[in-house]
Amino acid sequence: MADPWQKCMDYAVTLARQAGEMVRDALKTEMNVLLKSSLVDLVTATDQKVEKNLTESRKEDFIGEESVAAREKSVLTDNPTWIIDPIDGTTNFVHRYVLNILI
């Protein structure tokens, strides 16, 4: 019998790699930056795109920061749930202060 936690980890790594590619590609183009609650609370189109990509296939398994900030409905159940923040450190991302990390 396969380890369910390993399956979960493999799934997370696959999603993280996909998200990483999207973020890397976004660093090469012009940023579309929006304000959420204040001048220092930023969100980028990349934040939203990555979150949508991660959540669209299994919406019931994810709660995304950008969705909650936009007041979209989310339901937390007793089932395993991923709570995601596509780009943690959006201000650094906007200014392209990023580390080059190879996974």
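Residues numbered from 1 in each chain as written. Predicted model: local features only at pLDDT ≥ 70, side-chain atom pairs only at ≥ 80, totals over all residues. Heavy atoms only, no water.

A. Highlighting unusual backbone geometry. A positive phi angle, near 65°, is found at Arg-71, a position not held by glycine. By the element assignment, Arg-71 lies in the loop between α3 (65-69) and β4 (82-84). By relative accessible area, which is 77% here, Arg-71 ends up exposed. (Helix = DSSP H or I, 4+ residues; strand = E, 2+ residues; numbered from the N terminus. Buried < 20%, exposed > 50% of the residue type's maximum accessible area, 1.4 Å probe, protein only.)

B. View of the side chain of Glu-51. Relative to the helices and strands, Glu-51 is located in helix α2 (residues 45-55). What makes Glu-51 buried here is its relative accessible area of 3%. For Glu-51, the side chain forms a polar contact with the main-chain nitrogen of Glu-66, separated by 2.9 Å. Discounting chain neighbours no more than four positions away, the residues touching Glu-51 are Gly-64, Glu-65, Glu-66, Ser-67, Ile-84 and Pro-86. (Polar contact = N/O pair within 3.5 Å; in protein donor to acceptor, adjacent residues only side chain to side chain. Contact = heavy atoms within 4.5 Å.)

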